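An overview of the molecular structure
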6 protein chains.
Amino acid sequence: MTSDTYFANGAEVSLFEQAYQRNLPVMLTGPTGCGKTRFVEHMGSLLGRPVVTISCHDDLTSSDLVGRFMVTGGDVIWTDGPLTRAVKSGAICYLDEVVEARHDSLAILHSLTDHRRALYLDRADEVVHAPTEFMLVCSYNPAYRSSLKELKPSFRQRFVTLPMTYLPADREAQVVVSESGVDTATAQRLVQCATAIRTADRAFHFEPPSTRVLVTAAQLISAGATELEAADACILAPLSGDGAITDGLREVAAASLLGADAAGAQPH
Amino acid sequence: MTSDTYFANGAEVSLFEQAYQRNLPVMLTGPTGCGKTRFVEHMGSLLGRPVVTISCHDDLTSSDLVGRFMVTGGDVIWTDGPLTRAVKSGAICYLDEVVEARHDSLAILHSLTDHRRALYLDRADEVVHAPTEFMLVCSYNPAYRSSLKELKPSFRQRFVTLPMTYLPADREAQVVVSESGVDTATAQRLVQCATAIRTADRAFHFEPPSTRVLVTAAQLISAGATELEAADACILAPLSGDGAITDGLREVAAASLLGADAAGAQPH
Amino acid sequence: MTSDTYFANGAEVSLFEQAYQRNLPVMLTGPTGCGKTRFVEHMGSLLGRPVVTISCHDDLTSSDLVGRFMVTGGDVIWTDGPLTRAVKSGAICYLDEVVEARHDSLAILHSLTDHRRALYLDRADEVVHAPTEFMLVCSYNPAYRSSLKELKPSFRQRFVTLPMTYLPADREAQVVVSESGVDTATAQRLVQCATAIRTADRAFHFEPPSTRVLVTAAQLISAGATELEAADACILAPLSGDGAITDGLREVAAASLLGADAAGAQPH
Amino acid sequence: MTSDTYFANGAEVSLFEQAYQRNLPVMLTGPTGCGKTRFVEHMGSLLGRPVVTISCHDDLTSSDLVGRFMVTGGDVIWTDGPLTRAVKSGAICYLDEVVEARHDSLAILHSLTDHRRALYLDRADEVVHAPTEFMLVCSYNPAYRSSLKELKPSFRQRFVTLPMTYLPADREAQVVVSESGVDTATAQRLVQCATAIRTADRAFHFEPPSTRVLVTAAQLISAGATELEAADACILAPLSGDGAITDGLREVAAASLLGADAAGAQPH
Amino acid sequence: MTSDTYFANGAEVSLFEQAYQRNLPVMLTGPTGCGKTRFVEHMGSLLGRPVVTISCHDDLTSSDLVGRFMVTGGDVIWTDGPLTRAVKSGAICYLDEVVEARHDSLAILHSLTDHRRALYLDRADEVVHAPTEFMLVCSYNPAYRSSLKELKPSFRQRFVTLPMTYLPADREAQVVVSESGVDTATAQRLVQCATAIRTADRAFHFEPPSTRVLVTAAQLISAGATELEAADACILAPLSGDGAITDGLREVAAASLLGADAAGAQPH
Amino acid sequence: MTSDTYFANGAEVSLFEQAYQRNLPVMLTGPTGCGKTRFVEHMGSLLGRPVVTISCHDDLTSSDLVGRFMVTGGDVIWTDGPLTRAVKSGAICYLDEVVEARHDSLAILHSLTDHRRALYLDRADEVVHAPTEFMLVCSYNPAYRSSLKELKPSFRQRFVTLPMTYLPADREAQVVVSESGVDTATAQRLVQCATAIRTADRAFHFEPPSTRVLVTAAQLISAGATELEAADACILAPLSGDGAITDGLREVAAASLLGADAAGAQPH
């Protein structure tokens, strides 16, 4: 899937555009691999703005975002971080999994997400005012319920929140076909397999398989793997950290693939 | 809302002025988005003093506040931090969410908040005496009851404490109109929706929706979103970190909007 | 209250003088705002010694106290910290809330508090012998019973311990009058209000109101606030971190003020 | 075992090749010493790519992976880390026990494991695009169930996952012979001993003995140790951290070796 | 008490001499203020060796003990720490409260406390062999039972352990007289007061009063304080961190002093 | 005991030689002071290789082992750590109490303990291949069951594990005689005392007395101490961190010594 193909799932495109138009920051929520990153890239393309993506993690400091002083030739020179560069260039800055970042990284975003729309570089004693084109987008996966970290309500209320979810089955199959080159029947079987697991998932506590893993499986199939091998390696095996996929779940998955298989749709 | 419009809710303006007149520091308490930051900006404008805002977080050190030595050309030069600059320039220094700061950051404030009114820069071996114009204002949200951190009583007793809360419904609707350009009926429906959730909130443990999110929702509406879309994205979705808004709460919210809708007030 | 007015409460002045005479360090204990800092300033004035005050906090290192090496012109120069400067100049060094300091900060005090009366600057390979005029005074508030930190018994036994408490009511009212300019009747009502809360406090777990907050309230009153407004902002609101002052307590407070009010003593 | 001998156990070779062909990263899972590292070296040899191995641990920072600025002659020069060097040279980069790494190390891998296939060196303000030949391989042992750390589902879903396990007994004996020079009968007894413990292991909570420890034991035997001595030192003693190997387990092991011994197969 | 007066309590002097003679390190254990530091100073004087005292705390690093590289004139020069200086000069090095030190500080002592008697300065790539005169002495107070830290058995077994305790009452009174100048009857009353509390202490969990606090109290008395004032400030008040000395305990103490008082022995 | 006297207890010498011959790393396990360090020194002497000993602790970083960059004359020069020096010089590198080291220190050992036998200095971009003479030996005491740290099974399986224990009584007495100069009867009584405590130890949770403490006690005796004094100071007192040796245990110990004493064997 290149960044100029996007299969919209609801009103998210128009709401994103309206937020952009009114200079409001956006928060995307939803399960892993439901297309949040692709959506941001699509909107960047639609609005004609570059996208600067920053993967957040719990060692990410505010200095990593805004910049730091560095020694050059005996002097100390301020060097902008990726957020500061994004603000200055009027880009869409996308903070992926923002809940993982350290608190100082989140505090630095406050002045960017209210009427001030400015970045205060206290250490450099500089205020960077965001141009109209600049937009801040964050994402997080609310399904990580066990996480010790949670976004503070006061932080969440700074954003227009767009919940995202998986595509409907036929749309998802289209994506799988266009990304991997497999035929539609194979793509449909993979989607059916994913849907079966996603439904069963409420009982288990697995993170359900994403569209991404279906594409990956399809790519392996088009490279010569059997559907069962590909589903095992890309869909089932990553489900659980300790390999304890129940036999029941594996049967559910196999049924989706082999049921079709018996109908002669198996491509090799 | 620009910083020269402020809708006072009680005696907070006169008490703030009296504290300023007697050189006393002020602590603002209250829920997220009830207008603490706006109030400080308003008072700065009223008293003719610039406002220096510092968002506190748990990696904020005293050096971030008062300054540090930096290497320049082989020598070490002291560089003032934002608090020191605020003291020297006689500004109103506003420490937002001060409870988040590290203890060394709070200790540095002691000598500023008693009869000494001075900042002791031990590392630079310098004492900065605050001019009469300087004022320290802090804020925190006492609703974060689960927080591990709490302000020490001895710290709280150093401040004149002004509790703040939401505006009455009609005043809040006025703010929404003036900030977003929607008509009064729409603003009233949004306020009614927020009030319904704020009332229900005692049972749930959500941070109630702020005036800010009402303004944001209204801005989306004036950019073309339906009232339900805007309320969903700006009011309901941020309520809970795990997306588990009960259907009951969503009905409460929808009733405020659709009840009015049925009466023909829906603007699009 | 300027530092040359002190209202003694017991034998603390003579015991402090005897400790000074025998070169013994002193530990002051007692609730927030009962006058520990003022007492040290008073004794400094009485004994003709300058007072160096250091507010302790849990990021305070021994280097912050004794000094550190700093790079200047490519070389490393030792720079004395405030404790070292106090020892060298024969000052009274006052470590406020010493229980908050890190353990290395406390260990550095050992040799100052026994017969050696010397500061060992291991990093600088220097021993600073305290002149006879030097005196170490520490304080802490034993009411913070929930604190994880506690002073080690071996540390406490190094000090002459002087427990301090609030002034008797009439003395406290005198202080309020002399600090704020309100009339004696108002001051007495404020003291009566504080006494009522201090008595009720054993049931609640609030840090009782200090003399300092009475002075602050009186200053607001003399700047134009009503007694109830001032008592609310300065005495009641800081009592609890989560704003959960019981109505009962508020009634207790109001009774002290309004009872007098009914008698016609209300100044505005 | 040199890196050009590999005894395949299933479809892992073809699936690895298909992943390489489609530019997909691979995750190997399985018990300690089942041959993950050897497999990666084998595939490197098969695909004609060098292998860069990085042992992960919980102090491994992203700077350790991608590089850092270093002072040289007064200036600051960026120096590539092993991951950056692997990307630039189109190597197979193998992160052994990736679950041990710090989160910032994992976040740096995101852009390498999706359609971007690029390494964002934020601090150096450089983007390194991976050549087609570059491949990322990670491994972890899902049996460490007690570990506090777990790979996030969103991270696991970025990989084609190939579960690995022990070789079948006759293949494993072949490896032991070729690696150590012992005769086949001895190798079979060692494998039988290991298999007995691996079966018993479900009840105990020991990490089962790896092929590696069988090879080590065989090497000691060919250097003159008795089979029992070698099995004790290499197979039984490392099983448990506190030496509490039950007598039952030791009997199980001895039976495998001595049963054969009684049949006259003992080589010394 | 100057360092040349020591009142021996058992065989500790001869055992210390025997350990010194055989180059064995010594560990002193016992309650706060029973005279461990004085004993080490006494033995240093007896054996004609200087004593280097290091107060341990939980931020003490091995670099603080052995030394570190420091930048001087652009180069890096190794600077010995106090332990290294003690080893090189053949001093008695006394690590007070060694249990408080960080583990790397303890590990550095291993090679000094076995047959190697050497200090390995890994960072400086240097081995310092201790001269015969060098002796290592450590102390800790085993009464801190609640401490999270404990010395490892392997560490404790490296030392000749000499348990120390309080002097018998008449010897302790002699010390009080010689240190403070009070008359013998006063000293005896103070010792009797301490003994009463030490006995009661098993029920309470107070650290019992040390000889040091008796001397301090006696010094205050000879400076003019009453016995009750001095006992309160020096003996009773430091007993507990939260001031909760039971009335019963205070009566026990007063009885020792006032019983005598009634007999006319009160000196002022 | 000089490093050329060693009293072997089992097959550990031949197994160590066989491991050395096959380039396999060795792990020594066993209680404190059973002779692990002496054994390594003995084998170094036997194999004609120098021994580099590194005491591990929880602040030991991989940089402490392999080396670091240091500033010299404005440039940054790599300086080898003790492990790197040991590898380059073909020494036996002995990591004492390896379980205490930080995880990055253990990860650096992986490539040294498998077929690669190389040290990857990632920061210096250098690979040091170990010569045939190099050998890695680690030790740990599995009796520290309460420790939070444990060696990972995958790490333990990299080593030939040689469990060590105390010498038999007569051999241990010989060691005591040869190390201290006491007569055989005294040595036997000390060993009998230790054996009695080691047997009782299963009920108590003391680390049993090592051969080292018997030698120390004997050295004190030959310097003039009585057997009871020496046993108290060297054997009993270090048993427990809080001094709570039961009277029963002390009787057990005394019986071993005094029983013999009564028979006239007491040397002074």
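To keep things clear, this report deals only with the structure shown in the data block. All of these numbers come straight from a predicted model, not from anything done at the bench. (Residues numbered from 1 in each chain as written. Chains lettered and ligands numbered in written order. Predicted model: local features only at pLDDT ≥ 70, side-chain atom pairs only at ≥ 80, totals over all residues. Heavy atoms only, no water.)

Let's shift gears to the interface of chain E and chain C. Contacts between chain E and chain C engage 46 residues on the former and 35 residues on the latter. Both sides together, the interface formed by chain E and chain C hides about 3,400 Å², and carbon and sulfur atoms give 52% of it. Our count for the chain E to chain C interface comes out at zero salt bridges. If you look at where chain E meets chain C, you find six residue pairs in polar contact (both at pLDDT 80 or more). Broken down by secondary-structure element, the contributors of at least two residues to the side of chain E that touches chain C are α2 (36-47), β2 (51-55), β3 (67-72), α4 (82-88), α7 (169-180), α9 (211-222) and α10 (227-236) of chain E. When residues in the side of chain E that touches chain C are grouped by element, the largest group, six residues, is from α9(E). Across the side of chain E that touches chain C, the residue classes tally to 16 nonpolar, 16 polar and 14 charged. (Contact = heavy atoms within 4.5 Å. Buried area = accessible area lost by both parts, 1.4 Å probe. Salt bridge = Lys/Arg side-chain N within 4 Å of Asp/Glu carboxyl O. Polar contact = N/O pair within 3.5 Å; in protein donor to acceptor, adjacent residues only side chain to side chain. Helix = DSSP H or I, 4+ residues; strand = E, 2+ residues; numbered from the N terminus. Nonpolar A, V, L, I, M, F, W, Y, C, P; charged D, E, K, R; others polar.)

Moving on, we get to the packing of helix α8 (residues 184-200) of chain B against helix α9 (residues 211-222) of chain B. Residue and element names in this part refer to chain B. One way to put it is that α8 packs onto α9 with a least axis distance of 10 Å and a crossing angle of 140 degrees. Taken together, the axis directions place α8 and α9 in an arrangement best described as oblique. Crossing handedness for the pair α8 and α9: right-handed. Judged by residue contacts, Thr186, Leu190, Val191, Ala194 and Arg198 of α8 engage Thr211, Leu214, Ala217, Ala218 and Ile221 from α9. (Axes fitted to C-alpha atoms, helices over the stretch in contact; angles between N-to-C directions. Parallel < 35°, antiparallel > 145°, perpendicular 65-115°, else oblique. Left-handed = near helix turned anticlockwise from the far one by under 90°.)

A word on the packing of aromatic side chains. Scanning the model with the defined rule gives twelve aromatic pairs over all chains in all. Here Phe16(D) and Phe39(D) contribute two aromatic rings whose centre-to-centre distance is 5.4 Å and whose plane-to-plane angle is 80 degrees, an arrangement assigned as edge-to-face. A residue pair is termed long-range when its members are at least 10 positions apart, and Phe16(D) in helix α1 (residues 12-21) and Phe39(D) in helix α2 (residues 36-47) qualify at 23 residues. In this arrangement the basic side chain of Arg198(C) is found over the ring face of Tyr166(C), its NZ or CZ atom lying 3.7 Å from the centre. (Phe/Tyr/Trp six-rings, centres within 6.5 Å; stacked < 30°, edge-to-face > 60°. Lys NZ or Arg CZ within 6 Å of the ring centre and 35° of its normal.)

Let us now look at unusual backbone geometry. The phi torsion at Asn23(A) lies on the positive side, around 60 degrees, for a residue other than glycine. Considering the arrangement of structural elements, one finds Asn23(A) in the loop between α1 (12-21) and β1 (26-29). The backbone of Arg117(E) shows a phi angle near 45 degrees, a positive value even though the residue is not glycine. Following the sequence through the fold, Arg117(E) ends up in the loop between α5 (103-107) and β6 (118-121).

On to the packing of α1(A) against helix α2 (residues 36-47) of chain A, then. All names here are of chain A. Where α1 contacts α2, the two axes come as close as 11 Å, and the packing angle between them is 60 degrees. Between α1 and α2, the angle is such that the two are oblique. Considering how the two elements wind past one another, α1 and α2 form a crossing that is right-handed. For the pair α1 and α2, contact is made by Glu12, Val13, Phe16, Glu17 and Tyr20 and by Phe39, Met43, Leu46 and Leu47, respectively. Taken together, the residues of the contact of α1 with α2 break down into seven nonpolar, no polar and two charged.

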